[in-house]
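# Observations on the three-dimensional arrangement
The primary structure of each chain is shown beneath.
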Amino acid sequence: MRYIFDSPIPVKIQKMKERVRWKHPSLIQCGIDQTSLVLDDGNSENPEFSFMVIGDTGSKPSYGQHPQRLVAELMLTQRDECRFILHTGDVIYVVGSHEYYPQNFIEPYREFLVGGENSQDISYDRMTFSTPILPVLGNHDYYDVPLMYGFIAGTTLPLRRLFRYKDIEIGWHGSYQGNAYARAFLDYLKDFSPGEKLERHLNSHYTAKTNTGRCLRYEPGKFTRLPNRYYTFRYGGIDFFALDSNTFNAPSPLPTTKEGETERRKLEKRRHEIEQEETQILEACSRFNPEIPQEAEQLDALKSKLYQIDEVKIDIEKQLESHHAPPVDFEQLNWLKQRLIESWNTQEVRGRVLYFHHPPYVTEASKWHQSQTLAVRHRLRGVFDDVAETLGSLTQGRPIVDLILNGHAHCLEYLRTTHTGHGDSHIHCIVSGGSGRRPRRQREEGSELMETFEDATGSYSRKIADSFLFVGRNGYDTQKRLPYSFVRIDVRDGSPAKFIVRPFIKERFQGEWYNRELEAFAISNQ
(Lines give C-alpha, C1' and ligand atoms only; values in the text may rest on other atoms or scores of the structure.)
Protein backbone atom coordinates (compact mmCIF):
# COMPACT_ATOMS: atom_id res chain seq x y z
CA MET A 1 0.00 0.00 0.00
CA ARG A 2 1.28 3.49 -0.77
CA TYR A 3 1.28 5.49 2.48
CA ILE A 4 2.01 8.87 0.89
CA PHE A 5 1.50 10.35 -2.55
CA ASP A 6 2.64 13.40 -4.48
CA SER A 7 0.27 15.72 -6.32
CA PRO A 8 0.85 16.51 -10.01
CA ILE A 9 3.08 19.49 -10.74
CA PRO A 10 0.32 21.59 -12.39
CA VAL A 11 -1.81 21.15 -9.25
CA LYS A 12 1.02 22.31 -6.99
CA ILE A 13 1.63 25.39 -9.11
CA GLN A 14 -2.03 26.37 -9.37
CA LYS A 15 -2.78 25.84 -5.68
CA MET A 16 0.18 27.98 -4.63
CA LYS A 17 -0.81 30.73 -7.06
CA GLU A 18 -4.30 30.85 -5.57
CA ARG A 19 -2.92 31.18 -2.04
CA VAL A 20 -0.83 34.28 -2.81
CA ARG A 21 -3.31 35.71 -5.36
CA TRP A 22 -0.61 35.48 -8.00
CA LYS A 23 -0.73 38.49 -10.36
CA HIS A 24 -4.08 39.63 -9.04
CA PRO A 25 -5.11 42.99 -10.58
CA SER A 26 -4.80 44.66 -7.16
CA LEU A 27 -1.13 43.67 -6.94
CA ILE A 28 -0.37 44.54 -10.55
CA GLN A 29 -1.99 47.94 -10.13
CA CYS A 30 0.28 48.62 -7.14
CA GLY A 31 3.38 47.56 -9.09
CA ILE A 32 4.15 44.75 -6.64
CA ASP A 33 6.79 42.15 -7.40
CA GLN A 34 5.55 38.97 -5.72
CA THR A 35 8.92 37.23 -5.94
CA SER A 36 11.05 39.73 -3.99
CA LEU A 37 11.41 40.66 -0.37
CA VAL A 38 13.56 43.04 1.62
CA LEU A 39 14.92 41.66 4.88
CA ASP A 40 14.64 44.79 7.01
CA ASP A 41 16.73 44.11 10.12
CA GLY A 42 18.95 47.20 10.03
CA ASN A 43 22.06 45.21 9.03
CA SER A 44 21.48 44.33 5.39
CA GLU A 45 24.10 46.81 4.11
CA ASN A 46 26.93 45.26 6.11
CA PRO A 47 29.18 43.29 3.69
CA GLU A 48 30.28 40.92 6.47
CA PHE A 49 27.56 38.76 7.98
CA SER A 50 26.75 35.20 8.96
CA PHE A 51 23.78 32.89 8.50
CA MET A 52 22.87 29.28 9.28
CA VAL A 53 21.55 26.51 7.01
CA ILE A 54 19.32 23.63 8.15
CA GLY A 55 17.17 21.11 6.32
CA ASP A 56 15.02 17.98 6.62
CA THR A 57 13.76 18.71 10.10
CA GLY A 58 10.16 18.31 11.32
CA SER A 59 10.64 14.86 12.80
CA LYS A 60 9.30 13.43 16.03
CA PRO A 61 11.39 12.74 19.16
CA SER A 62 13.36 9.50 19.22
CA TYR A 63 15.85 7.67 21.46
CA GLY A 64 14.24 9.46 24.40
CA GLN A 65 15.52 12.74 22.94
CA HIS A 66 14.59 15.07 20.11
CA PRO A 67 17.57 15.18 17.68
CA GLN A 68 16.17 18.28 16.03
CA ARG A 69 15.94 20.03 19.41
CA LEU A 70 19.55 19.10 20.19
CA VAL A 71 20.59 20.67 16.89
CA ALA A 72 18.47 23.74 17.70
CA GLU A 73 20.24 24.10 21.04
CA LEU A 74 23.56 24.03 19.20
CA MET A 75 22.20 26.67 16.81
CA LEU A 76 21.38 28.89 19.79
CA THR A 77 25.11 29.19 20.52
CA GLN A 78 25.50 30.87 17.11
CA ARG A 79 22.27 32.86 16.99
CA ASP A 80 23.61 36.21 18.19
CA GLU A 81 26.18 36.30 15.38
CA CYS A 82 23.88 35.09 12.59
CA ARG A 83 21.40 37.33 10.79
CA PHE A 84 19.06 34.61 9.47
CA ILE A 85 18.53 30.89 8.90
CA LEU A 86 17.93 29.28 5.51
CA HIS A 87 15.83 26.10 5.56
CA THR A 88 16.35 23.77 2.59
CA GLY A 89 12.97 22.04 2.81
CA ASP A 90 11.06 19.15 4.38
CA VAL A 91 10.01 21.36 7.26
CA ILE A 92 7.53 18.75 8.51
CA TYR A 93 7.57 14.95 8.17
CA VAL A 94 6.03 12.77 6.95
CA VAL A 95 3.36 14.56 4.93
CA GLY A 96 3.66 18.22 5.89
CA SER A 97 0.54 18.03 8.04
CA HIS A 98 -0.38 21.09 10.10
CA GLU A 99 -1.01 18.96 13.19
CA TYR A 100 2.71 18.23 13.51
CA TYR A 101 3.94 21.84 13.41
CA PRO A 102 3.57 22.38 17.21
CA GLN A 103 5.64 19.33 18.17
CA ASN A 104 8.03 19.15 15.24
CA PHE A 105 8.75 22.80 14.47
CA ILE A 106 7.42 25.34 16.98
CA GLU A 107 8.64 23.55 20.10
CA PRO A 108 12.17 22.71 18.83
CA TYR A 109 12.76 26.27 17.53
CA ARG A 110 10.87 28.12 20.25
CA GLU A 111 13.72 30.55 21.03
CA PHE A 112 13.69 31.75 17.44
CA LEU A 113 9.99 32.68 17.68
CA VAL A 114 8.29 35.69 19.22
CA GLY A 115 6.48 34.39 22.31
CA GLY A 116 8.44 31.15 22.20
CA GLU A 117 8.60 30.99 25.99
CA ASN A 118 4.94 29.94 25.70
CA SER A 119 5.35 27.87 22.57
CA GLN A 120 2.24 25.81 23.28
CA ASP A 121 0.16 28.94 22.63
CA ILE A 122 1.61 29.63 19.17
CA SER A 123 -0.52 28.57 16.22
CA TYR A 124 1.37 27.20 13.22
CA ASP A 125 -0.26 29.80 10.94
CA ARG A 126 0.55 32.72 13.25
CA MET A 127 4.29 32.32 13.70
CA THR A 128 6.48 35.43 13.87
CA PHE A 129 10.23 34.93 13.87
CA SER A 130 12.59 36.94 16.04
CA THR A 131 15.45 35.38 14.07
CA PRO A 132 14.33 34.96 10.43
CA ILE A 133 13.85 31.38 9.24
CA LEU A 134 13.55 31.50 5.44
CA PRO A 135 12.45 28.13 4.04
CA VAL A 136 11.74 26.49 0.71
CA LEU A 137 9.33 23.64 0.08
CA GLY A 138 10.51 20.04 0.31
CA ASN A 139 8.76 17.05 -1.20
CA HIS A 140 7.36 16.06 2.21
CA ASP A 141 5.84 19.53 2.58
CA TYR A 142 3.75 18.69 -0.51
CA TYR A 143 2.90 15.07 0.30
CA ASP A 144 -0.62 13.85 1.06
CA VAL A 145 -2.19 10.64 2.32
CA PRO A 146 -4.97 8.47 0.90
CA LEU A 147 -8.28 9.15 2.64
CA MET A 148 -8.60 5.66 4.12
CA TYR A 149 -5.02 5.66 5.35
CA GLY A 150 -5.54 9.02 7.03
CA PHE A 151 -8.47 7.47 8.88
CA ILE A 152 -6.48 4.41 9.97
CA ALA A 153 -3.38 6.37 10.99
CA GLY A 154 -5.26 9.15 12.74
CA THR A 155 -7.84 7.18 14.67
CA THR A 156 -7.58 5.09 17.81
CA LEU A 157 -4.50 3.41 19.20
CA PRO A 158 -5.85 -0.15 18.68
CA LEU A 159 -6.34 0.51 14.99
CA ARG A 160 -2.86 1.97 14.69
CA ARG A 161 -1.44 -1.10 16.41
CA LEU A 162 -3.45 -3.26 14.05
CA PHE A 163 -1.70 -1.39 11.26
CA ARG A 164 1.64 -2.24 12.92
CA TYR A 165 2.57 1.30 13.86
CA LYS A 166 2.57 3.31 17.07
CA ASP A 167 2.67 7.12 17.15
CA ILE A 168 3.02 7.25 13.40
CA GLU A 169 3.94 10.67 12.00
CA ILE A 170 1.06 10.97 9.57
CA GLY A 171 -2.16 11.35 11.51
CA TRP A 172 -5.39 12.58 10.01
CA HIS A 173 -4.04 15.04 7.50
CA GLY A 174 -1.69 15.49 4.60
CA SER A 175 -0.29 18.78 3.43
CA TYR A 176 -3.28 19.49 1.15
CA GLN A 177 -0.94 20.20 -1.77
CA GLY A 178 1.36 22.33 0.40
CA ASN A 179 -1.40 24.30 2.11
CA ALA A 180 -0.01 23.82 5.64
CA TYR A 181 3.39 25.18 4.56
CA ALA A 182 1.71 28.10 2.79
CA ARG A 183 -0.26 29.03 5.91
CA ALA A 184 2.83 28.68 8.09
CA PHE A 185 5.24 30.75 5.99
CA LEU A 186 3.66 32.56 3.02
CA ASP A 187 1.71 35.80 3.00
CA TYR A 188 -1.62 34.02 2.53
CA LEU A 189 -3.42 36.71 0.54
CA LYS A 190 -6.27 34.36 -0.24
CA ASP A 191 -7.59 35.18 3.24
CA PHE A 192 -8.11 38.80 2.18
CA SER A 193 -11.07 39.38 -0.07
CA PRO A 194 -10.32 41.82 -2.90
CA GLY A 195 -11.09 45.37 -1.88
CA GLU A 196 -10.36 47.52 1.13
CA LYS A 197 -8.91 44.75 3.36
CA LEU A 198 -6.48 43.53 0.71
CA GLU A 199 -5.46 47.07 -0.18
CA ARG A 200 -4.88 47.94 3.48
CA HIS A 201 -2.74 44.82 3.93
CA LEU A 202 -0.65 45.60 0.85
CA ASN A 203 -0.12 49.18 1.98
CA SER A 204 0.98 47.96 5.40
CA HIS A 205 3.45 45.26 4.41
CA TYR A 206 4.48 45.75 0.77
CA THR A 207 6.33 48.98 1.49
CA ALA A 208 9.84 48.04 0.39
CA LYS A 209 11.20 48.91 -3.03
CA THR A 210 13.70 47.25 -5.35
CA ASN A 211 14.53 47.83 -9.00
CA THR A 212 11.64 45.47 -9.88
CA GLY A 213 9.00 47.46 -7.99
CA ARG A 214 7.32 47.39 -4.62
CA CYS A 215 7.78 44.25 -2.59
CA LEU A 216 7.16 42.67 0.77
CA ARG A 217 9.07 44.00 3.78
CA TYR A 218 10.17 41.16 6.09
CA GLU A 219 10.57 42.61 9.59
CA PRO A 220 11.99 40.23 12.23
CA GLY A 221 9.86 40.27 15.35
CA LYS A 222 6.98 42.04 13.58
CA PHE A 223 5.97 40.63 10.20
CA THR A 224 7.78 37.55 8.91
CA ARG A 225 5.99 36.26 5.85
CA LEU A 226 7.33 35.22 2.44
CA PRO A 227 5.81 36.52 -0.79
CA ASN A 228 5.77 33.30 -2.78
CA ARG A 229 6.98 29.69 -2.99
CA TYR A 230 10.07 31.02 -4.83
CA TYR A 231 11.61 34.38 -4.09
CA THR A 232 14.79 36.45 -3.93
CA PHE A 233 16.39 38.93 -1.56
CA ARG A 234 19.69 40.84 -1.37
CA TYR A 235 21.73 41.00 1.80
CA GLY A 236 25.22 42.41 2.25
CA GLY A 237 25.73 42.53 -1.51
CA ILE A 238 24.79 38.85 -1.95
CA ASP A 239 21.75 37.88 -4.01
CA PHE A 240 19.86 34.91 -2.55
CA PHE A 241 17.48 32.93 -4.76
CA ALA A 242 15.01 30.52 -3.12
CA LEU A 243 13.47 27.97 -5.50
CA ASP A 244 10.70 25.39 -5.43
CA SER A 245 12.39 22.37 -7.02
CA ASN A 246 9.25 20.24 -6.60
CA THR A 247 7.86 21.75 -9.80
CA PHE A 248 10.79 21.03 -12.12
CA ASN A 249 11.90 17.60 -10.87
CA ALA A 250 9.70 15.36 -13.06
CA PRO A 251 11.78 12.74 -14.92
CA SER A 252 11.94 12.65 -18.69
CA PRO A 253 9.92 9.84 -20.32
CA LEU A 254 11.58 6.52 -20.96
CA PRO A 255 12.52 6.16 -24.63
CA THR A 256 10.23 4.07 -26.84
CA THR A 257 13.16 1.96 -27.90
CA LYS A 258 14.36 -1.49 -26.98
CA GLU A 259 16.66 0.09 -24.41
CA GLY A 260 13.75 2.03 -22.96
CA GLU A 261 11.65 -1.13 -22.63
CA THR A 262 14.57 -2.87 -20.92
CA GLU A 263 14.82 0.01 -18.44
CA ARG A 264 11.07 -0.18 -17.82
CA ARG A 265 11.31 -3.87 -16.93
CA LYS A 266 14.19 -3.12 -14.56
CA LEU A 267 12.12 -0.49 -12.80
CA GLU A 268 9.13 -2.81 -12.47
CA LYS A 269 11.38 -5.52 -11.06
CA ARG A 270 12.91 -3.07 -8.59
CA ARG A 271 9.44 -1.92 -7.49
CA HIS A 272 8.40 -5.53 -6.88
CA GLU A 273 11.58 -6.16 -4.84
CA ILE A 274 11.10 -3.18 -2.56
CA GLU A 275 7.42 -4.03 -2.05
CA GLN A 276 8.52 -7.44 -0.82
CA GLU A 277 11.09 -5.75 1.43
CA GLU A 278 8.33 -3.47 2.69
CA THR A 279 6.19 -6.47 3.68
CA GLN A 280 9.11 -8.01 5.57
CA ILE A 281 9.75 -4.77 7.46
CA LEU A 282 6.09 -4.49 8.43
CA GLU A 283 6.22 -8.00 9.83
CA ALA A 284 9.39 -7.14 11.76
CA CYS A 285 7.73 -4.01 13.19
CA SER A 286 5.05 -6.11 14.84
CA ARG A 287 7.69 -8.00 16.85
CA PHE A 288 9.11 -4.95 18.64
CA ASN A 289 7.72 -3.30 21.75
CA PRO A 290 7.95 0.52 21.50
CA GLU A 291 7.84 0.77 25.32
CA ILE A 292 11.31 -0.84 25.58
CA PRO A 293 14.00 1.77 24.70
CA GLN A 294 16.31 -0.58 22.79
CA GLU A 295 13.43 -2.05 20.78
CA ALA A 296 11.96 1.41 20.23
CA GLU A 297 15.21 2.47 18.56
CA GLN A 298 15.12 -0.57 16.29
CA LEU A 299 11.47 0.14 15.50
CA ASP A 300 12.33 3.74 14.66
CA ALA A 301 15.01 2.56 12.23
CA LEU A 302 12.53 0.21 10.55
CA LYS A 303 9.91 2.95 10.18
CA SER A 304 12.54 5.25 8.73
CA LYS A 305 13.30 2.54 6.19
CA LEU A 306 9.60 2.28 5.30
CA TYR A 307 9.40 6.00 4.53
CA GLN A 308 12.56 5.71 2.46
CA ILE A 309 10.96 2.86 0.51
CA ASP A 310 7.92 5.01 -0.14
CA GLU A 311 10.15 7.73 -1.60
CA VAL A 312 11.84 5.18 -3.86
CA LYS A 313 8.44 3.87 -4.98
CA ILE A 314 7.27 7.39 -5.81
CA ASP A 315 10.44 7.98 -7.84
CA ILE A 316 9.99 4.69 -9.74
CA GLU A 317 6.33 5.37 -10.42
CA LYS A 318 7.11 8.84 -11.74
CA GLN A 319 9.46 7.24 -14.25
CA LEU A 320 7.00 4.52 -15.25
CA GLU A 321 4.16 7.03 -15.67
CA SER A 322 6.15 9.49 -17.79
CA HIS A 323 4.99 8.64 -21.31
CA HIS A 324 5.09 12.20 -22.63
CA ALA A 325 7.17 15.31 -22.06
CA PRO A 326 6.92 15.99 -18.31
CA PRO A 327 5.29 19.13 -16.92
CA VAL A 328 7.97 21.68 -16.08
CA ASP A 329 7.62 24.95 -14.19
CA PHE A 330 9.12 27.06 -16.97
CA GLU A 331 7.65 30.22 -15.44
CA GLN A 332 9.89 29.78 -12.39
CA LEU A 333 12.95 28.74 -14.42
CA ASN A 334 12.58 31.72 -16.77
CA TRP A 335 12.24 33.97 -13.72
CA LEU A 336 15.49 32.55 -12.35
CA LYS A 337 17.27 33.08 -15.67
CA GLN A 338 16.21 36.72 -15.90
CA ARG A 339 17.03 37.46 -12.27
CA LEU A 340 20.50 35.91 -12.59
CA ILE A 341 21.19 38.02 -15.66
CA GLU A 342 19.98 41.15 -13.83
CA SER A 343 22.12 40.21 -10.83
CA TRP A 344 25.25 39.95 -12.95
CA ASN A 345 24.50 43.35 -14.46
CA THR A 346 24.19 44.95 -11.02
CA GLN A 347 27.53 46.33 -9.89
CA GLU A 348 26.83 46.20 -6.16
CA VAL A 349 26.23 42.43 -6.17
CA ARG A 350 29.29 40.48 -4.98
CA GLY A 351 27.94 36.95 -5.12
CA ARG A 352 24.97 34.71 -5.68
CA VAL A 353 23.52 31.89 -3.57
CA LEU A 354 20.78 29.46 -4.69
CA TYR A 355 18.90 27.31 -2.21
CA PHE A 356 16.23 24.69 -2.89
CA HIS A 357 15.35 21.17 -1.81
CA HIS A 358 16.46 18.53 -4.33
CA PRO A 359 20.26 18.43 -4.76
CA PRO A 360 21.50 18.21 -8.35
CA TYR A 361 24.80 16.80 -7.06
CA VAL A 362 24.93 14.39 -4.11
CA THR A 363 26.49 11.05 -3.08
CA GLU A 364 24.02 10.03 -0.37
CA ALA A 365 23.09 6.43 -1.17
CA SER A 366 19.34 6.89 -1.57
CA LYS A 367 19.43 10.11 -3.61
CA TRP A 368 22.35 10.23 -6.05
CA HIS A 369 20.71 7.92 -8.61
CA GLN A 370 17.12 9.16 -8.32
CA SER A 371 15.51 10.34 -11.54
CA GLN A 372 14.45 13.53 -9.77
CA THR A 373 18.10 14.34 -9.02
CA LEU A 374 18.98 14.09 -12.70
CA ALA A 375 15.87 16.06 -13.74
CA VAL A 376 16.71 18.97 -11.43
CA ARG A 377 20.32 18.94 -12.62
CA HIS A 378 19.34 19.09 -16.28
CA ARG A 379 16.71 21.81 -15.80
CA LEU A 380 19.11 24.03 -13.87
CA ARG A 381 21.91 23.30 -16.31
CA GLY A 382 19.68 24.59 -19.09
CA VAL A 383 19.13 27.83 -17.13
CA PHE A 384 22.85 28.24 -16.41
CA ASP A 385 23.72 27.58 -20.07
CA ASP A 386 21.32 30.32 -21.19
CA VAL A 387 22.64 32.75 -18.58
CA ALA A 388 26.27 32.03 -19.52
CA GLU A 389 25.51 32.56 -23.22
CA THR A 390 23.81 35.88 -22.47
CA LEU A 391 26.53 37.17 -20.16
CA GLY A 392 29.48 36.18 -22.32
CA SER A 393 32.74 37.55 -20.91
CA LEU A 394 31.00 39.48 -18.11
CA THR A 395 31.54 36.59 -15.65
CA GLN A 396 35.35 36.74 -16.17
CA GLY A 397 35.58 32.98 -15.67
CA ARG A 398 33.59 32.90 -12.44
CA PRO A 399 30.75 30.37 -12.04
CA ILE A 400 27.18 31.56 -12.63
CA VAL A 401 26.44 31.16 -8.90
CA ASP A 402 28.90 30.99 -6.03
CA LEU A 403 27.05 28.51 -3.90
CA ILE A 404 24.12 26.06 -4.11
CA LEU A 405 22.46 24.89 -0.88
CA ASN A 406 20.18 21.85 -0.75
CA GLY A 407 18.48 19.34 1.55
CA HIS A 408 16.57 16.15 0.66
CA ALA A 409 19.61 13.94 1.32
CA HIS A 410 19.86 13.25 5.05
CA CYS A 411 23.47 14.21 5.47
CA LEU A 412 25.93 17.07 5.41
CA GLU A 413 27.99 17.13 2.23
CA TYR A 414 30.30 19.54 0.44
CA LEU A 415 30.82 19.05 -3.31
CA ARG A 416 32.21 21.08 -6.17
CA THR A 417 31.35 20.58 -9.81
CA THR A 418 34.15 20.08 -12.31
CA HIS A 419 34.34 21.44 -15.84
CA THR A 420 31.08 19.86 -16.96
CA GLY A 421 31.12 21.43 -20.41
CA HIS A 422 28.08 23.48 -19.38
CA GLY A 423 27.11 26.54 -17.38
CA ASP A 424 27.08 24.52 -14.13
CA SER A 425 30.87 24.22 -14.04
CA HIS A 426 32.97 24.93 -10.93
CA ILE A 427 30.04 25.55 -8.55
CA HIS A 428 30.36 24.92 -4.82
CA CYS A 429 27.48 22.87 -3.36
CA ILE A 430 26.51 22.14 0.23
CA VAL A 431 23.85 19.62 1.13
CA SER A 432 22.49 20.43 4.59
CA GLY A 433 19.73 17.89 5.06
CA GLY A 434 20.77 16.29 8.32
CA SER A 435 19.13 18.59 10.84
CA GLY A 436 16.49 16.29 12.30
CA ARG A 437 15.52 13.31 10.17
CA ARG A 438 17.41 10.03 10.60
CA PRO A 439 20.81 10.30 8.82
CA ARG A 440 21.63 8.10 5.82
CA ARG A 441 24.82 6.63 4.43
CA GLN A 442 27.06 7.62 1.58
CA ARG A 443 26.91 5.45 -1.50
CA GLU A 444 29.57 2.75 -1.88
CA GLU A 445 30.67 3.97 -5.33
CA GLY A 446 32.88 6.69 -3.89
CA SER A 447 33.18 10.47 -3.96
CA GLU A 448 33.42 11.08 -7.73
CA LEU A 449 30.14 11.73 -9.55
CA MET A 450 30.07 10.60 -13.16
CA GLU A 451 27.44 11.39 -15.78
CA THR A 452 26.73 9.90 -19.20
CA PHE A 453 26.59 12.32 -22.13
CA GLU A 454 25.64 11.82 -25.76
CA ASP A 455 27.26 13.28 -28.85
CA ALA A 456 27.49 12.46 -32.56
CA THR A 457 29.89 9.59 -31.87
CA GLY A 458 27.78 7.96 -29.17
CA SER A 459 27.73 8.03 -25.37
CA TYR A 460 30.60 8.75 -23.01
CA SER A 461 31.09 9.35 -19.29
CA ARG A 462 32.53 12.47 -17.68
CA LYS A 463 33.21 13.38 -14.07
CA ILE A 464 30.89 16.24 -13.12
CA ALA A 465 31.55 16.68 -9.40
CA ASP A 466 33.79 15.71 -6.49
CA SER A 467 32.63 15.22 -2.92
CA PHE A 468 35.10 16.59 -0.37
CA LEU A 469 33.12 16.08 2.83
CA PHE A 470 30.34 13.69 3.77
CA VAL A 471 28.81 13.46 7.25
CA GLY A 472 26.10 10.82 7.49
CA ARG A 473 25.23 7.56 9.13
CA ASN A 474 28.23 5.26 9.42
CA GLY A 475 29.28 2.12 11.23
CA TYR A 476 27.12 -0.81 12.25
CA ASP A 477 25.70 -2.32 15.45
CA THR A 478 27.61 -1.00 18.49
CA GLN A 479 29.84 1.16 16.27
CA LYS A 480 26.92 2.89 14.54
CA ARG A 481 27.08 6.69 14.50
CA LEU A 482 24.13 8.97 13.79
CA PRO A 483 25.28 12.55 13.14
CA TYR A 484 22.76 15.44 12.96
CA SER A 485 24.00 18.72 11.58
CA PHE A 486 23.72 22.29 10.38
CA VAL A 487 26.21 24.75 8.96
CA ARG A 488 27.07 28.34 9.72
CA ILE A 489 28.32 30.37 6.77
CA ASP A 490 30.33 33.55 7.28
CA VAL A 491 30.39 35.98 4.36
CA ARG A 492 33.51 38.13 4.11
CA ASP A 493 33.94 41.55 2.58
CA GLY A 494 35.36 41.91 -0.92
CA SER A 495 34.34 41.11 -4.45
CA PRO A 496 33.90 38.35 -5.32
CA ALA A 497 32.73 37.33 -1.88
CA LYS A 498 34.47 34.73 0.22
CA PHE A 499 32.45 32.23 2.29
CA ILE A 500 33.67 30.42 5.42
CA VAL A 501 31.67 27.25 6.13
CA ARG A 502 31.54 26.00 9.70
CA PRO A 503 29.91 22.57 10.23
CA PHE A 504 28.20 21.80 13.54
CA ILE A 505 27.48 18.17 14.46
CA LYS A 506 25.45 16.54 17.22
CA GLU A 507 26.20 12.81 17.08
CA ARG A 508 24.62 9.82 18.77
CA PHE A 509 27.05 6.99 19.53
CA GLN A 510 26.54 4.02 21.84
CA GLY A 511 23.47 5.57 23.44
CA GLU A 512 25.11 8.93 24.21
CA TRP A 513 25.12 12.33 22.48
CA TYR A 514 28.34 14.16 21.63
CA ASN A 515 29.37 17.39 19.95
CA ARG A 516 31.58 16.46 17.03
CA GLU A 517 33.97 19.13 15.82
CA LEU A 518 34.97 19.62 12.20
CA GLU A 519 37.29 22.28 10.81
CA ALA A 520 35.85 25.25 8.96
CA PHE A 521 36.70 25.58 5.29
CA ALA A 522 36.75 28.47 2.84
CA ILE A 523 34.87 28.81 -0.42
CA SER A 524 36.03 31.41 -2.89
CA ASN A 525 35.82 31.98 -6.63
CA GLN A 526 38.59 34.55 -6.84
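Residues numbered from 1 in each chain as written. Predicted model: local features only at pLDDT ≥ 70, side-chain atom pairs only at ≥ 80, totals over all residues. Heavy atoms only, no water.

## Remarks on the overall build of the protein chain
In terms of helices and strands, the protein chain carries twelve helices and 18 strands. Radius of gyration (C-alpha) of the protein chain: 22 Å, near the 24 Å computed for a compact globule of 526 residues. Across the 526 residues in the protein chain, those meeting the buried criterion constitute 59%. Considering only residue pairs separated by 6 or more positions, the protein chain has 76% of its internal contacts joining residues 24 or more positions apart. For the protein chain, the centre of its 67 positive side-chain charges and the centre of its 72 negative side-chain charges are spaced 1 Å apart. (Helix = DSSP H or I, 4+ residues; strand = E, 2+ residues; numbered from the N terminus. Rg over C-alpha atoms; globule rule 2.2 N^0.38 Å. Buried < 20%, exposed > 50% of the residue type's maximum accessible area, 1.4 Å probe, protein only. Contact = heavy atoms within 4.5 Å. Lys, Arg positive; Asp, Glu negative; His and termini not counted. Charge placed at Lys NZ, Arg CZ, Asp CG, Glu CD.)

## Structural notes on the packing of aromatic side chains
A full pass over the atoms with the stated rule returns 28 aromatic pairs. Both rings, one in Trp22 and one in Tyr230, keep their centres 6.3 Å apart while their planes meet at 55 degrees; by these two values the pair is tilted. One end of the pair, Trp22, is in the loop between α1 (9-19) and α2 (25-29); the other, Tyr230, is in the loop between β6 (213-218) and β7 (231-235), with 208 residues separating them in the sequence. This pair shows no difference in class: Trp22 is buried, exactly as Tyr230 is. A network of ring pairs unites the aromatic residues Tyr101, Phe105, Tyr109, Phe112, Tyr124, Phe129, Tyr181 and Phe185 as a single cluster. (Phe/Tyr/Trp six-rings, centres within 6.5 Å; stacked < 30°, edge-to-face > 60°.)

## Observations concerning the domain arrangement of the protein chain
Accessible area lost upon the coming together of the parts is a frequently used measure of interface size. We note that the domain assignment places domain 1 (5-40 + 49-251 + 328-523) and domain 2 (258-321) within the protein chain. Placing a centre on the C-alpha atoms of domain 1 and another on those of domain 2 gives a separation of 25 Å. Contact residues are listed per partner, giving 28 residues for domain 1 and 19 residues for domain 2. Together, the buried faces of domain 1 and domain 2 total about 2100 Å²; carbon and sulfur atoms form 50% of this surface. Linking domain 1 with domain 2 are zero salt bridges, by the criterion used here. At the boundary of domain 1 with domain 2, the tally comes to zero residue pairs in polar contact (both at pLDDT 80 or more). Taken together, the residues of the side of domain 1 that touches domain 2 sort by class into seven nonpolar, nine polar and twelve charged. (Domains from an automatic or database assignment. Buried area = accessible area lost by both parts, 1.4 Å probe. Salt bridge = Lys/Arg side-chain N within 4 Å of Asp/Glu carboxyl O. Polar contact = N/O pair within 3.5 Å; in protein donor to acceptor, adjacent residues only side chain to side chain. Nonpolar A, V, L, I, M, F, W, Y, C, P; charged D, E, K, R; others polar.)

## Examining the side chain of Ser425
Along the chain, the position of Ser425 falls in the loop between β11 (412-417) and β12 (428-432). From its side chain, Ser425 meets the backbone nitrogen of Thr420 in a polar contact 3.0 Å long. Within the local environment of Ser425, its side chain forms a polar contact with the backbone oxygen of His422, the two atoms lying 2.8 Å apart. Those residues within four positions of Ser425 in sequence are excluded, and the remaining contacts are Pro399, Thr417, Thr418, His419 and Thr420.

## Notes on the packing of helix α11 (residues 330-344) against helix α12 (residues 371-391)
Where α11 contacts α12, the two axes come as close as 10 Å, and the packing angle between them is 35 degrees. Seen along the crossing, α11 lies across α12 with a hand that is right-handed. Contacts from Leu333, Leu336, Lys337, Leu340, Ile341 and Trp344 of α11 reach α12 at Arg379, Leu380, Val383, Phe384, Asp386, Val387, Thr390 and Leu391. Per-class residue counts for the contact of α11 with α12 are ten nonpolar, one polar and three charged. (Axes fitted to C-alpha atoms, helices over the stretch in contact; angles between N-to-C directions. Left-handed = near helix turned anticlockwise from the far one by under 90°.)

## Some thoughts on the environment of Ala296
Secondary-structure assignment places Ala296 in helix α10 (residues 293-321). On the accessibility criterion, Ala296 (25% relative accessible area) is partly exposed. Linking Ala296 and Gly64, residues 232 residues apart in sequence, is a C-alpha distance of 9.3 Å. Apart from residues no more than four positions distant in its own chain, Ala296 is found in contact with Asn289 and Pro290.

## Quick word on the pairing of strand β10 (residues 403-406)
Successive side chains on a regular strand alternate, one facing one side of the sheet and the next facing the other. A two-sided burial pattern is seen for β10, the buried positions comprising Leu403 and Leu405 on one face and Ile404 and Asn406 on the other. With three bridges joining them, strand β9 (residues 351-355) and β10 adopt parallel strand pairing. Among the inter-strand pairings, Leu354 is bridged to a residue of β10, identified as Ile404. Once you follow β9 into α12 and on to β10, the crossover reads as right-handed. Strand direction decides the pairing type here: β10 and β12, joined by four bridges, are parallel. Its bridge partner being in β12, Asn406 is matched across the sheet by Val431. (Pairing = 2+ DSSP bridges. Right-handed = clockwise from strand over helix to strand, strands pointing away.)

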